[in-house]
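If you want the building blocks of each chain, they are given just below.
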Amino acid sequence: MSRSAPHPITPWPPLTVNVAMTGVVTTREHTPAVPFTAGEIAADAAACAQAGATVAHIHARGADGGQRFGRDAYAPIVAAVRERCPDLILCLTSTGRSG
């Protein structure tokens, strides 16, 4: 039996996969794939959830990619993600480094 295979009687324990799709430093100059809008974030969150993610760590970003804070920044993101993947745990954050 391979060391990487689970024991046949005791399968691997559940795994938590936390994705950080938006980041706070990455710009579209770094990669055009970084999501900024609520729709883009929700689409990425849904794809990640379908692939097995259970938690999404989200920074609110404006259309220009800059950080956004407060309820008005996060409400549309939460609504869009909840519509597509209601069971995904959301970790909303308003901290981080910039630049």
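The structure this text deals with has already been given above.
Because the structure is predicted, anything quoted here is derived from the model rather than measured.

(A) Here's a closer look at the nonpolar core. Within the largest apolar cluster, 18 residues are counted, with the highest numbers of intra-cluster contacts made by Met21, Ala56, Ile58, Val81 and Leu88. Listing elements by their share of this core, those giving two or more residues are helix H1 (38-50), strand S2 (55-59) and helix H2 (71-84). With five residues, H2 is the largest single contributor of residues to this core. Apart from residues lying up to four places away in sequence, Leu88 is in contact with Ala45, Ala49, Ala53, Thr54, Val55, Ala56, Val81 and Arg82.

(B) Broad picture of the pairing of strand S3 (residues 89-93). The pairing of S2 with S3 spans five bridges and is classified as parallel. Along S3, the bridge assignment pairs His57 with Cys91. Regarding topology, H2 serves as the crossover connection from S2 to the parallel S3, and that connection is right-handed.

(C) Up close: the packing of H1 against H2. Contact geometry for H1 and H2: axes closest at 8 Å, N-to-C directions at 35°. As for how H1 packs across H2, the hand of that crossing is right-handed. Residues Ala38, Ile41, Ala42, Ala43, Ala45 and Ala46 of H1 lie in contact with H2, whose contacting residues are Pro76, Ile77, Ala80, Val81 and Arg84. The class makeup of the residues in the contact of H1 with H2 is 10 nonpolar, no polar and one charged.

Rules behind the numbers
Residues numbered from 1 in each chain as written. Predicted model: local features only at pLDDT ≥ 70, side-chain atom pairs only at ≥ 80, totals over all residues. Heavy atoms only, no water. Core = buried A, V, L, I, M, F, W, Y, C linked by side-chain atoms within 4.5 Å. Buried < 20%, exposed > 50% of the residue type's maximum accessible area, 1.4 Å probe, protein only. Helix = DSSP H or I, 4+ residues; strand = E, 2+ residues; numbered from the N terminus. Contact = heavy atoms within 4.5 Å. Pairing = 2+ DSSP bridges. Right-handed = clockwise from strand over helix to strand, strands pointing away. Axes fitted to C-alpha atoms, helices over the stretch in contact; angles between N-to-C directions. Left-handed = near helix turned anticlockwise from the far one by under 90°. Nonpolar A, V, L, I, M, F, W, Y, C, P; charged D, E, K, R; others polar.

Distances and angles like these do not, on their own, reveal function.
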